[in-house]
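Descriptive structure summary
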Amino acid sequence: MIRTILIVLFLLCFFIISIPLYLIEEIIGHFDIKKKERSSFRIVTFAFRCISWLAGTRLIVKGRENVPTDIPVLYVSNHRSYFDIVTLYPLTNNTTGFVAKKEMEKFPFVHRWMMYMNCQFLDRDNIKAGLKTILDCIATVKNGCSICIFPEGTRTPGDEMLEFKEGSFKIAEKSGCLIIPVAITNTESIFENHMPFVKASTVVIEFGEPIDIKELPKEDRRHIGARVQRLIADMLAQNSHYI
């Protein structure tokens, strides 16, 4: 109960502080858009770390050395909880945008920060709009910003995963970036398992070895989603003993 109240109070304070920060970020972006992206990345990363700390999250990180520090990548992760982004985002090595559901645009406070972070909004019911989102992601990666996707399309707490949507991997295929498989274990124990309360939990995040889609045989490229999903499933199985 106390942790939940503290997080709500922190979010209210961050909302108030964000009002002048929006203006500062807009001014920075007027002169240097890349500097604005880096500045927004640092601010949001700090906020997420504060939330994780207030939630009492014990974070175990594996394989971070697999993530390049000087080039954009495509992070591909299973999706368990709202806290996936909170715990994962501060671990990314450069500016990173997430592919989020279009409904997130309805929340002005969150939406503005997501725009600053180069997030893209996916309309799951509109194929044409979905294609445009993928094209926007490709352009974002080519412009030097990493992208993180949850190709299951929705949250699936527990060990089971929904089938990965192959179309998401066009981002790596068309941009030429590396794919970083990410396995997130136990974030649902922070919040979803006992809503509306937040509880201290141990979370494991493992970064798998990079995959260069250009080096794969043609048949493997056609089923890259299934390949990455198997890799993530293996990591989840190996990390289950931490919980």
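Just above, that's the structure.
The structure displayed is predicted, hence computed values, not measured ones.

Attention now moves to the sheet that holds strand E4 (residues 120-122). If you trace the seven strands from one edge of the open sheet to the other, you get E1-E7-E6-E2-E5-E3-E4, paired in mixed fashion. Two strands in the sheet have a free side with no partner beyond their single neighbour: strand E1 (58-62) and E4. Each neighbouring strand pair of the sheet contributes to a mean axis angle of 20°, computed without reference to strand direction. Looking at chain direction, strand E6 (residues 178-185) and strand E7 (residues 202-207) are connected through four bridges and run antiparallel. Paired with Ile184 across the bridge in E7 is Ile205.

With that settled, consider helix H8 (residues 224-239). Across its 16 residues, H8 extends 23 Å between first and last C-alpha, which sits within 8% of the 22 Å expected from 1.5 Å per residue. Of the positions making up H8, those classed as buried are Ile224, Gly225, Val228, Gln229, Ile232, Met235, Leu236 and Asn239. Buried residues of H8, seen end-on, are gathered within an arc of 125° and therefore sit on one face of the element. Turned more than 90 degrees away from the buried face of H8 sit Arg230 and Ala237, all of them exposed. On its buried face, H8 is in contact with E1, strand E2 (73-77), E6, E7 and helix H7 (218-222).

Applying the stated criterion across every chain, the model contains 10 salt bridges. Between Arg112 and Glu26 there is a salt bridge, and its shortest N-O distance comes to 3.6 Å. Pair noted here: Arg112 is in helix H4 (residues 108-116) and Glu26 is in helix H1 (residues 2-31), with a separation of 86 residues, a long-range link. Notably, a salt bridge pairs Arg227 with Asp220, separated by 3.6 Å at the nearest N-O pair. With relative accessibility at 29%, the residue Asp220 sits in the partly exposed group.

Our focus in this paragraph is the packing of H1 against helix H2 (residues 33-54). Put simply, H1 and H2 touch, their axes get as near as 10 Å, and they point 175° apart. When the axes of H1 and H2 are compared, the pair comes out roughly antiparallel. Here H1 contributes Arg3, Leu6, Ile7, Phe10, Leu11, Phe14, Leu21, Glu25, Glu26, Ile28, Gly29 and Phe31 to the contact with H2, which in turn contributes Ile33, Lys35, Lys36, Ser39, Ser40, Ile43, Ala47, Cys50, Ile51, Trp53 and Leu54. A class-by-class count of the residues in the contact of H1 with H2 yields 15 nonpolar, three polar and five charged.

Extensive coverage of E6 is indicated by the burial of eight of its eight residues. Here E6 shows no split at all, with Leu178, Ile180, Val182 and Ile184 on one side and Ile179, Pro181, Ala183 and Thr185 on the other all buried. Here five bridges tie E2 to E6, and the two strands are oriented parallel to one another. By the bridge assignment for E6, Val73 is matched with Leu178.

Most of E7 is tucked away: six of the six residues are buried. Residue alternation in E7 divides its side chains into two sets, Thr202, Val204 and Glu206 and Val203, Ile205 and Phe207, and both sets are buried. With five bridges connecting them, E1 and E7 associate as parallel partners. Residue pairing for E7: Val61 is matched across the bridge by Ile205.

About the cut-offs
Residues numbered from 1 in each chain as written. Predicted model: local features only at pLDDT ≥ 70, side-chain atom pairs only at ≥ 80, totals over all residues. Heavy atoms only, no water. Pairing = 2+ DSSP bridges. Helix = DSSP H or I, 4+ residues; strand = E, 2+ residues; numbered from the N terminus. Axes fitted to C-alpha atoms, helices over the stretch in contact; angles between N-to-C directions. Expected span 1.5 Å × (residues − 1). Buried < 20%, exposed > 50% of the residue type's maximum accessible area, 1.4 Å probe, protein only. Arc of directions from axis to C-beta. Contact = heavy atoms within 4.5 Å. Salt bridge = Lys/Arg side-chain N within 4 Å of Asp/Glu carboxyl O. Parallel < 35°, antiparallel > 145°, perpendicular 65-115°, else oblique. Nonpolar A, V, L, I, M, F, W, Y, C, P; charged D, E, K, R; others polar.

Without other data, these values stay purely geometric and don't point to any function.
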